[in-house]
Amino acid sequence: MNSIFNKFDEYVLITNSNGDIVFANDKFLKKLKYNEEEIYELNVEDILVDKDNYKTNILEVSADTRIDISFYSKNNKIIQLFSDISIGYFEKNKAIFIISKDIKYKYYSIEDLEVLLDNMGLVAFLRDKDGKYLYVNNTYSSMHSKKSEELLGTYMKDFFDKDLVTQYIKNDKEVLKLNFAKSYNEKGIYFDEEVWHDIYKHPIYDENGNYKYMVCVAKNVTLEKAITEELYKNYNRITNLNNIGKNRNNNIDMHSLLEDIGHKITKSIEASGFSILLYDAEKQSLIPYVKIKNAIKIFSGIESIPIKSNKEYDYMVNKSYEGLRLVERPLDQYYVNEKSLENTVYTASYKIKLYDEFIGILNISYDDVTNPPKFQDDFMKFICDNIAMIIKSCRLSKVTKLESKKRKDTEYELELYLKTAVDLFATFDELGYIKKVNSNWTKLLGWSEYELVNHNYVEFVYPEDLNIIVEIKDMLDCSCRLINRYMCKNGGYRWLEWNYMYDSVNNIVIGTAKDITEQKNIEEQRKSLEEKVSSEIVKNEFFANISHEFKTPLNIILGTTQLAKKNMENDNFSRGSVTKHIDTIKQNSYRLLRLVNNFIDISKIDIGYYNMQFSNHNIINIIEDITLSVVDYVEDKNINLIFDTDVEEVILSCDPDKIERVMLNLLSNAIKYTSDNGSIEVNITSDSKEVKVSVKDTGTGIPPDKLEIIFDRFGQANTPLSRRFEGSGIGLSLVKSIVEKHGGNIKVYSDVGKGTNFVFNIPIKVLDEEDENIINCNNKDFHIEKCQIEFSDIYSL
């Protein structure tokens, strides 16, 4: 019987009617850190936390009972278990059986988890060290056109070629070697189609530390990868101006590119029809540019669709609604062929915009009621944003190529002109005095021969170029080439390219020059064009980020006010709804205020007007108070916040408001990227010279290649196409500036998947009393409001 109990997954404890322990299985012993000899000397009351209800809940139980029981382990740690208590016989004696399991299994079962895995839209499976599948969810089995039961017990090699299996096993081994979870971008071939997944792998070990199996969860990123690659290709084509004109095969066929993307989207989401309509501002119409499957019939014979309204939403198939919806009436929005729409069940319409520029519309249709759409509106809006950038890139490439051609033509014409023009000519004596000039000096610079001869050539060199002249003595043994500016009689100047050679027979220097002023101007124009293109790219990336940061809270505020107005019109108003609307508006106003404050502060820092109010304070109290003020926020996420210091008081000169700003920003980042049941540690150490503050979390971590840019202006660890949280990217830049204005510095240490540690130091300096600024930094309400502003994009008020 004992051996049977030892095979149970539950914790088994058996006592006699007096509570004396007569048996505990191995799992129970291990959980409470006892051995058999120790546990059998105890009464159950000795290890119970709640001794008051001991008799009622255990000794006097008359029927099967389920309760939560808290036990003391050998090292006095409290272990809470969900227990079934029943009366029976053990070794022919009446006994009390306490069968327990971890408290978390009180609320859900394995079956519940499997339902979640089958319906979450992600691939999930378990695989042992030999590549055998121990579990697969429905999403993964459907990719193989099989049922989940049919895949159990099969191997990777049954479905993938040798090279792919080798790569999968290599990645598994790397995870095992690292001994922590890791994500990979893996390719698979399903029915001759290449499919890419972002796959998360986590090794599972048994209680003895032996490897059992690999847990894998994956997201299909084939479509995102294809579009991102196309966007990257176009970006390289456009930004590399040196290649434009040299590579005749560098042309970008926008129609073929968008059509290829359209086919991939249509196949990925299993749509019945797909179209892209481009907006023609001159004709005030939409042009059916890409038509796939049913869209070919829908727009057959239609070259353009006139736009009668200036409102962007009126361009949509669904008029005022952007997104997916069921068809409720005939679609006559585009004056299309109505008969081709008779079987349409779902339609979706999305704007293609880049910043404030309306580019076009993307439309999708579904005809099969048994095959509902397999995408979310946010996903398709993400696709539209990328398509907008691709279209803009293609158009910019075309314009840039035309401008480059004009530049090349101008350079060619100038080259012909220089070749056919008569060069300037002059001779100089050994001291640099002009002895002879040709007539073009007068034509080009305006000086007469009389004004030039017997004057030193240095007198005509543009003053700013006197540092690049060549002494005549340096030309005696070799030829020399020089480019500088010569003054014109009218006060201007011309760029001249000189070639000098010493004539040792006549002891003179012969010089010829070409007027390269126009060539210099073209070079400056080219540099200006390259700088403008580079500046435009940086500006576009910045405004794409910041417009999103402003638009999101503004849209929420506008939507809330519209909803409140509609409720008022319908007399559907309550105190609760008013409070909810006010909180929503307040929270998103805080988000805007946080963004604006950051921009104002960073601008002040840039121009040198950032006001620092230094005064003498106990910095330990400042950091401790602001840390403890965020306890309520971290508890909402089940995050353990730990504050520790090795010193209770350090008086130094600082701006307490700015120090709180630094701590709130670092704590906000830590909370954002730390999952439930994680921890955040704030630690302060001090020596005679400085105070060192550490904010350490167990979050997602920062990739090594991002650590160098994390403090740069607008630098973020998340890419704009896959951001998990909001942010303008200037918070840490502001933190770095504040710390440096205190005379300190800040560093970051991070391991992906393990967490991040920000460490900054403040030197210990004390101001004289007359130099102090009196600041009240103990206002509790002020702390709360600052927390609400800093955490406005994490929590609801």
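Just so it is clear, the model here is predicted, and its values are computed rather than measured. (Residues numbered from 1 in each chain as written. Predicted model: local features only at pLDDT ≥ 70, side-chain atom pairs only at ≥ 80, totals over all residues. Heavy atoms only, no water.)

## Some points on the overall build of the chain
Of the regular secondary structure elements, the chain holds 21 helices and 28 strands. The buried share of the chain, taken over its 797 residues, is 42%. Put simply, the chain shows about 44,700 Å² of open surface, and 49% of that area lies on carbon and sulfur atoms. (Helix = DSSP H or I, 4+ residues; strand = E, 2+ residues; numbered from the N terminus. Buried < 20%, exposed > 50% of the residue type's maximum accessible area, 1.4 Å probe, protein only. Areas by Shrake-Rupley, 256 points an atom, 1.4 Å probe, with all protein chains shown as cover.)

## As for the environment of Asp158
Along the chain, the position of Asp158 falls in the loop between helix H7 (148-151) and helix H8 (162-178). For the pair Asp158 and Lys132, spaced 26 residues apart in sequence, the C-alpha to C-alpha distance is 9.7 Å. At 2.8 Å, the side chain of Asp158 forms a polar contact with the backbone nitrogen of Tyr155. (Polar contact = N/O pair within 3.5 Å; in protein donor to acceptor, adjacent residues only side chain to side chain.)

## Some remarks on the packing of aromatic side chains
Evaluation of the coordinates by the stated rule reveals 23 aromatic pairs. Measuring from ring centre to ring centre gives 6.3 Å for Phe428 and Trp498, while their planes differ by 65°; the resulting arrangement is edge-to-face. Residue Phe428 is located in strand S17 (residues 424-428), and its partner Trp498 is located in strand S20 (residues 493-503); the two are separated by 70 residues in the primary sequence. With respect to class, Phe428 is no different from Trp498; both count as buried. Members of the aromatic cluster, joined through ring pairs, are Phe428, Trp441, Tyr457, Tyr486, Trp498 and Tyr500. Over the ring of Tyr11 we find Lys27; its NZ or CZ atom is 5.1 Å from the centre of that ring. Seen from the ring of Tyr493, Arg485 lies directly overhead, with NZ or CZ sitting 5.0 Å from the centre. (Phe/Tyr/Trp six-rings, centres within 6.5 Å; stacked < 30°, edge-to-face > 60°. Lys NZ or Arg CZ within 6 Å of the ring centre and 35° of its normal.)

## With respect to empty space enclosed by the protein
Summed over the entire model, instances satisfying the criterion amount to four cavities of 30 Å³ or more. One number sums up the size of the second largest cavity: a volume of about 140 Å³. If you trace the second largest cavity, you find 14 residues lining it, with Phe125, Tyr168, Glu186, Tyr190 and Ile199 closest to the centre. Of all the secondary-structure elements, those providing two or more residues to the lining of the second largest cavity are strand S6 (123-127), strand S8 (182-190) and strand S9 (193-205). (1 Å grid on protein atoms, 1.4 Å probe; cavity = no way out; pocket = protein on both sides within 12 Å on 5 of 7 lines; lining within 4 Å. Points joined across faces, edges and corners; volume = space filled by probe spheres on them.)

## So, the sheet that holds strand S23 (residues 640-645)
Spatially, five strands are ordered S23-S25-S26-S28-S27 in an open sheet, and the strand pairing comes out mixed. The open sheet has two edge strands with one neighbour each: S23 and strand S27 (745-751). Looking at each pair of strands side by side, their axes are set apart by 10° on average, direction ignored. Pairing of S23 with strand S25 (residues 679-686), which is carried by six bridges, proceeds in the parallel orientation. Pairing of Asn640 across the sheet is with Ser679, part of S25. (Pairing = 2+ DSSP bridges. Axes fitted to C-alpha atoms, helices over the stretch in contact; angles between N-to-C directions.)

## So, the sheet that holds strand S19 (residues 480-487)
Read across the sheet, five strands follow the order S18-S17-S21-S20-S19 without closing on themselves; strand pairing throughout is antiparallel. Two strands bound the open sheet, and with one partner strand each, they are strand S18 (434-437) and S19. Within the sheet, the average angular offset between the axes of one strand and its neighbour, ignoring direction, is 30°. Strand direction decides the pairing type here: S19 and S20, joined by eight bridges, are antiparallel. Residue pairing across strands places Tyr486 opposite Arg494, the latter belonging to S20.

## What about the confidence of the model for the chain?
Within the chain, residue pLDDT values average 81, and 83% of them lie at 70 or more. Confidence drops under a pLDDT of 50 for residues 717-727, and excluding neighbours within four residues, the segment shows 29 contacts in the predicted structure. (pLDDT = per-residue confidence, 0-100. Contact = heavy atoms within 4.5 Å.)

## Focus: the packing of helix H16 (residues 575-607) against helix H20 (residues 731-741)
Between H16 and H20, whose axes approach to 10 Å, the crossing angle comes to 45°. On the basis of their axis angle, the class for H16 and H20 is oblique. H16 and H20 meet at a crossing whose hand is left-handed. On H20, the residues that touch Asn598, Asp601, Ile602 and Ile605 of H16 are Ser733, Leu734, Ser737 and Lys741. A breakdown of the residues in the contact of H16 with H20 according to their chemical character gives three nonpolar, three polar and two charged. (Parallel < 35°, antiparallel > 145°, perpendicular 65-115°, else oblique. Left-handed = near helix turned anticlockwise from the far one by under 90°. Nonpolar A, V, L, I, M, F, W, Y, C, P; charged D, E, K, R; others polar.)

## Let's talk about the nonpolar core
The biggest cluster of nonpolar side chains holds 45 residues, and the ones touching the most others in it are Ile619, Ile623, Met663, Leu666, Ile680, Phe758 and Phe760. A per-element tally of this core places helix H19 (residues 656-672) first, with eight residues. Not counting residues up to four positions away in its chain, the partners in contact with Ile623 are Phe643, Ile659, Met663, Val682, Ile684 and Val693. (Core = buried A, V, L, I, M, F, W, Y, C linked by side-chain atoms within 4.5 Å.)

## Let's talk about the packing of H19 against H20
Relative orientation of the contacting elements H19 and H20 amounts to 145°, with a least axis distance of 10 Å. The interaxial crossing formed by H19 with H20 has left-handed handedness. Contacts from Lys658, Arg661, Val662, Asn665, Leu666 and Asn669 in H19 reach Gly731, Leu732, Leu734, Val735, Ile738 and Val739 in H20. Classifying every residue of the contact of H19 with H20 gives seven nonpolar, three polar and two charged.

## Considerations on the side chain of His617
Tracing the sequence through the fold places His617 in strand S22 (residues 615-618). Judged by its relative accessible area of 14%, His617 is buried. A polar contact is formed between the side chain of His617 and the side chain of Ser615, at a distance of 2.7 Å.

## Topic: the pattern of salt bridges
Counted according to the given criterion, the structure contains 23 salt bridges. Ionic pairing is found between Glu357 and Lys392, a salt bridge with its closest N-O pair at 2.8 Å. Placement of Glu357 in strand S16 (residues 357-366) and of Lys392 in helix H12 (residues 377-420) is noted, with a sequence separation of 35 residues between them. On the basis of relative accessible area, Glu357 is assigned to the partly exposed category, the value being 31%. Judged by its relative accessible area of 33%, Lys392 is partly exposed. Across the pair Arg485 and Asp465 runs a salt bridge whose closest N-O atoms are separated by 3.0 Å. With Arg485 in strand S19 and Asp465 in the loop between helix H14 (449-452) and S19, this pair connects stretches of sequence that are 20 residues apart. Comparing Arg485 with Asp465 shows no difference in burial state: the two are buried. Through salt bridges with shared partners, one network takes in Arg127, Asp172, Glu186 and Lys201. (Salt bridge = Lys/Arg side-chain N within 4 Å of Asp/Glu carboxyl O.)

## Describing a negative patch on the surface
Taken together, the side chains of Asp26, Glu36, Glu37 and Glu41 make up a negatively charged region of the molecular surface. Take Glu37: its relative accessible area is 55%, and that puts it in the exposed class. (Patch = residues over 30% accessible without salt bridge, like charges linked within 9 Å, V, L, I, M, F, W, Y side chains within 5 Å. Lys, Arg positive; Asp, Glu negative; His and termini not counted. Charge placed at Lys NZ, Arg CZ, Asp CG, Glu CD.)

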